[in-house]
Amino acid sequence: MNEALETMPHYKLTYFDLRGRGEPIRMMFAIAGVPFEDKRVQLQDWEAMAKSKATPFDALPMLEVDGVKFAQTLAILRYIARETGFAGPDNLTAAKADALADQYADFVMAFMPWHIVNAGYAPGDKDVLYDSTYVPTKAKHFPYFEAALKMSTTGWYADTPELTHVDVFIAASLEWLKRMDKNGDKFFDGFPLMEAHYKKSLTNKIDSCWNEAESDFLRPSQTAKVPRGETRCSVLIRCLVLDTASYSLIKLHVV
Amino acid sequence: MVVRLLPGNRCAVLFSKKYLQSQKMPHYKLTYFDLRGRGEPVRMMFAIAGVPFEDKRIEKADWPELKKTFPFGALPVLEVDGVQIGQTLAIVRYVAREFGFAGPDNLTAALADALADQFVDFLTSTEKWIISTAGDLGVAASGDKVSPSHFDRLSLLVAYLQDEIYNTVYAPAREKHFAYFEAALAKSTTGWYAGTLELTHADVVIAEFLEFVSRLDKNADKLFEGFPLMEAQYKKVYVIYVIFFSSLIPNCRSTLRRDPMPNTEKRIHITDIFENSTVLQ
């Protein structure tokens, strides 16, 4: 066990102190039971960091593996999934998973004009953009994911017996989107398989814990390092409902 | 198949010729329009790997009924023994990994993935310019209409603003993003993006998309000005790999087909955009 820990590279994830694009990666590490350094950059420190060329593409999230730096959310997620065996049993399944993750990323790009106004990053009328940009984009893309789940016999997107990186990515991203959607209570209307998958990936407890934080976009993530010997399901449930007190307790128990 | 245990707790798997011949290669079918576009990196990847594939090209007119038969309503789509894979980069990554062009380990593959994704980000950031220059080609792959909110229709009515879009959208994006790729090549000791001995899918994707950009850029002769390493890599891909490898493979002419893009022979006129485009109605 100690040998394994010694030969494992040192992983350092750098992202803002948000869930956003960093959360799927943190979740992936947690599910795989792999310790990592979770570096969080405050928004006001970002400009200085970008100027100092500390990041290869002037963007976050960024992963550093024994000093080798690279960016791009999905590239990082795919890497961790493959390293830890969560990318599916063969190349073709991994490609199916990759395709769905890329498609979700396309979906995010398509509603970005609404998001930047809705989150206050740019001026504009968020209600007009909600109806003109977000609603049609969601209506166009959700059927693709629903159809993928319909084709799957296991309820996971890439038809794998266990979850893969695309399940983590889509569930975490939907959680974030559902909170920002003003009609979040009707978020999965018409897409029952997506709702079942979402619940399977993130437990129901999510809604009850985070209701008061619905309007707080900048609520920091609470994923934590995972003690060895945990099953993946219990890890996922536990790490998503931890508060900071439990986080420090878990830290002491990491082997 | 024989498994031998070697000293140092390693093992070797030996395959007999009979076993290898009995393993059949899956049937690969790539569907895309009769263009280079997003299909060409995939075709190049198969050509470089020396793998035969069915290169299905569909007409634009047939697209509306065929659209719903594909998982994401878009092309390219690769079918592997009937299993459909959408999304250009997912397909390219799959082909690269299957045939050993994704680098020697996961980390190198991740570096290559990151660079390919970053180039696509560059193209996304210049979308406004691509659409204003190429008309509907920028969205030809998905066959979708671009909503008018995508860019200001009114400003396009004034012809000189096409140059404005070039200067405000394309030129700064090019300066910003090309610097990243130049830096990646400066770090690489081999002249390939991911620092590998042989090319990877990142090299193929970036070279092909650069070729696409070069056909739209009115200053294409100065495309690589200030970025000599990028120019060297681009030439390496086309001169060495595409021509050399594809000449060894039958039916590989498709890789070198110079499909003329609409409106590259002449500067696009504003009326053309509205009359001939399927995008702005």
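Draft legend 1. The arrangement of the confidence of the model for chain A in detail. All names here are of chain A. Mean pLDDT for chain A: 80, with 77% of residues reaching 70 or above. Averaged pLDDT values for the elements of chain A fall to 36 in helix H9 (residues 205-210) and rise to 96 in strand E3 (residues 62-65). Long-range and interchain partners of residues 204-255, a stretch whose pLDDT sits below 50, account for 75 contacts in this model, where long-range means more than four residues apart.

Draft legend 2. Geometry of the sheet that holds strand E5 (residues 77-80) of chain B. Residue and element names in this part refer to chain B. The strand order across the open sheet built from 4 strands is E4-E3-E5-E6, with neighbouring strands paired in mixed fashion. Both outer strands of the open sheet, strand E4 (54-58) and strand E6 (83-85), are each paired with one neighbouring strand and no more. Looking at each pair of strands side by side, their axes are set apart by 20 degrees on average, direction ignored. Where strand E3 (residues 28-33) lies against E5, 4 bridges are found, and the strand directions are antiparallel.

Draft legend 3. Region of interest: the side chain of Arg97 of chain B. Tracing the chain through its elements places Arg97 of chain B in helix H4 (residues 88-98). With residues up to four places along the chain from it excluded, the contact list for Arg97 of chain B reads Arg82 and Asn91 of chain A together with Ala102, Asn106, Ala109 and Asp113 of chain B.

Draft legend 4. Spatial organisation of the interface of chain A and chain B. At the interface, 29 residues of chain A touch 27 residues of chain B. Of the roughly 2,500 Å² buried at the junction of chain A and chain B (both faces included), carbon and sulfur atoms supply 61%. Of all residues in chain A, Phe57, Gln72 and Leu92 of chain A bury the most surface against chain B, accounting for 23% of the area lost on that side. Between chain A and chain B we count 13 residue pairs in polar contact (both at pLDDT 80 or more) in total. Every element with two or more residues in the side of chain A that touches chain B is listed here: strand E4 (68-71), helix H4 (73-84), helix H5 (91-118) and helix H6 (126-151) of chain A. Sorting elements by how many residues they give to the side of chain A that touches chain B places H5 of chain A first, with 11 residues.

The rules behind the values
The residue count restarts for each chain, going from 1 along the sequence in the order it is written. To label them, take the chains in the order written and letter them from A, then take the ligands in the order written and number them from 1. In keeping with the model being predicted, local features are shown solely for residues with a pLDDT of at least 70 and side-chain atom pairs are shown and tallied solely at 80 or more, while totals for entire chains, interfaces and linings include all residues. Computation of side-chain values: all heavy atoms of the structure, hydrogens and water removed. The predictor attaches a confidence to each residue, and that confidence, scored 0 to 100, is pLDDT. A run of DSSP states H or I qualifies as a helix once it reaches four residues; a run of E qualifies as a strand once it reaches two. Both are numbered from the N-terminal end. The contact rule is simple, with two residues in contact once any of their heavy atoms fall within 4.5 Å. Two strands qualify as a pair provided that DSSP identifies no fewer than 2 bridges between them. The convention used is that axes are lines fitted to C-alpha atoms, helices contributing only their stretch in contact, and that angles between N-to-C directions extend from 0 to 180 degrees. Put simply, buried area is the surface a 1.4 Å probe can reach on two separate parts but cannot reach once they are joined, added for both. Contacts described as polar in this section are N or O atom pairs within 3.5 Å, which, within protein, must combine one atom able to donate a hydrogen with one able to accept it, while residues neighboring in sequence count only if both atoms come from side chains.

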